[in-house]
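Residue-level listing of the chains:
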Amino acid sequence: LLVLEGLQWSDRSTLEALAYVAQRRGPARLFVLGTYRPVEMALRAPPLRGILQELYGRGQAVDMRLELLPAEAVTAYVTGRLGGPVASPLAALVFARTEGNALFLVHIVEHLIGQGLVVRRAGQWTLQDGAEAQVARLPEGLRQLLLRRLQALPPAVGRVLEAASVVGTAFTVAAVAAGSQAPVEDGEVVCEGLAAQQHFLDDSGLTVWPDGTRGGRYRFQHALYQQVLYDQIGTARRMQLHRRMGGRLEAGYGARAGEIAARLALHFERGGEVSRAVQYCQQAADNAARRNAHHEASTALR
């Protein structure tokens, strides 16, 4: 058994040697297990990508993608790291923050320990009182890691993702194009490419606005990508992007703008359009009240 960690950092000679061994037809009592990070491979476009594609195509290698950890596994890791039972709210918080990403999980848990944000009470580890705001901030090491990955992208791709982060973890290309003032087609090409490489984004299908605007709908693979992108945008530019997106969404929905009142209220509030934000906040509250009344009526009828 030969285990090779971090193949994305390998030089061409090492990879060619592995490819040669894999393509030999003679029997050998040898099993080669290599690990690599798809994100790093996509950013650096090393020779590994081409060699793996060749081996997969010939049936001489198998690609096993590691899935995100389920909530139970996250709880087990935190329990083991802290050395004792973990309160349900703390386990749920860590899972919500990391979404089961093993690398992010390690960083977040070490941050909690290093900053003294967890304490032991009644035999269980739990979050320190008043520590929610500190937990919401990204650990510096993790922030730098994510920034390095994002800054390695071509400028045009970075601009699209920056604008997308203003929309939220899920977004439409039409809204992103409105914020960045770029053609929708250019945004579609960028997002399609990233999703095809399973890099930062997942494809969520198509969307159609009431005014007939059509476009792709995507989601950040992890909320932390969206957070680190959003946090690095300057205040003035952030307000500008929110205003543009709010205006475009309002126009796109027209008479049906009330259906997305909460989203519009957020964009206009963060864009400095106070009066329009208040208007849509009221509509959002009215919508919620109507939904609650309908639910209560349905329950009574049943």
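Okay, so let's go over this structure. (Residues numbered from 1 in each chain as written. Predicted model: local features only at pLDDT ≥ 70, side-chain atom pairs only at ≥ 80, totals over all residues. Heavy atoms only, no water.)

Here we look at the overall build of the chain
A count of helices and strands for the chain gives 15 helices and 7 strands. With respect to the principal axes defined by its C-alpha atoms, the chain has extents near 75 × 55 × 50 Å. For the chain, buried positions account for 38% of its 302 residues. The contacts in the chain between residues at least 6 apart in sequence include a share of 63% that link residues at least 24 apart. As displayed, the chain has an accessible area near 17,000 Å², and 54% of this comes from carbon and sulfur atoms. Here the chain contributes 33 positively and 28 negatively charged side chains, and the mean placements of these two sets differ by 2 Å. (Helix = DSSP H or I, 4+ residues; strand = E, 2+ residues; numbered from the N terminus. Buried < 20%, exposed > 50% of the residue type's maximum accessible area, 1.4 Å probe, protein only. Contact = heavy atoms within 4.5 Å. Areas by Shrake-Rupley, 256 points an atom, 1.4 Å probe, with all protein chains shown as cover. Lys, Arg positive; Asp, Glu negative; His and termini not counted. Charge placed at Lys NZ, Arg CZ, Asp CG, Glu CD.)

A short note on the environment of Ala182
Tracing the sequence through the fold places Ala182 in the loop between helix 10 (173–180) and helix 11 (184–196). Judged by relative accessible area, Ala182 falls into the partly exposed class, the value being 32%. Sequence separation between Ala182 and Asp63 is 119 residues; the distance between their C-alpha atoms is 37 Å.

Side note on the sheet that holds strand 6 (residues 201–208)
Pairing is antiparallel in the open sheet, where 3 strands are placed in the order 5-7-6. On the outer flanks of this sheet lie strand 5 (170–172) and strand 6, each paired with one strand and no other. Sheet twist, expressed as the average angle between the axes of neighbouring strands with direction ignored, equals 25 degrees. Taken together, the 3 bridges between strand 5 and strand 7 (residues 214–220) define a ladder with antiparallel strand orientation. In the strand pairing of strand 7, Ala170 is matched with Arg219. (Pairing = 2+ DSSP bridges. Axes fitted to C-alpha atoms, helices over the stretch in contact; angles between N-to-C directions.)

Considering helix 6 (residues 102–114)
Relative to the 18 Å expected for 13 residues at 1.5 Å per residue, helix 6 spans 18 Å between its end C-alpha atoms, a close match to the ideal helical length. By the burial criterion, the buried members of helix 6 are Phe104, Leu105, Ile108, Val109, His111 and Leu112. For helix 6, the angular spread of buried residues about the axis comes to 155 degrees, placing them on one side. For helix 6, the side-chain oxygen to backbone nitrogen distance between the N-cap and Leu103 is 3.0 Å, and the N-cap itself is Asn101. (Expected span 1.5 Å × (residues − 1). Arc of directions from axis to C-beta. Polar contact = N/O pair within 3.5 Å; in protein donor to acceptor, adjacent residues only side chain to side chain.)

Structural notes on the pairing of strand 7
Of the pairings in the sheet, the one linking strand 6 to strand 7 comprises 6 bridges and is antiparallel in character. By the bridge assignment for strand 7, Leu206 is matched with Gly216. Linkage of strand 6 to strand 7, two consecutive antiparallel strands, is achieved through a turn of 5 residues, within which Gly212 is found at a positive phi near 95 degrees.

Considerations on the packing of helix 6 against helix 8 (residues 140–151)
Across the interface, helix 6 lies against helix 8 with an axial gap of 9 Å and an inter-helix angle of 145 degrees. Across from Leu103, Phe104, His107 and Ile108 in helix 6, the residues of helix 8 making contact are Gly141, Leu142, Leu145, Leu146 and Arg149. Of the residues contributing to the contact of helix 6 with helix 8, the split by class is 6 nonpolar, 2 polar and 1 charged. (Nonpolar A, V, L, I, M, F, W, Y, C, P; charged D, E, K, R; others polar.)

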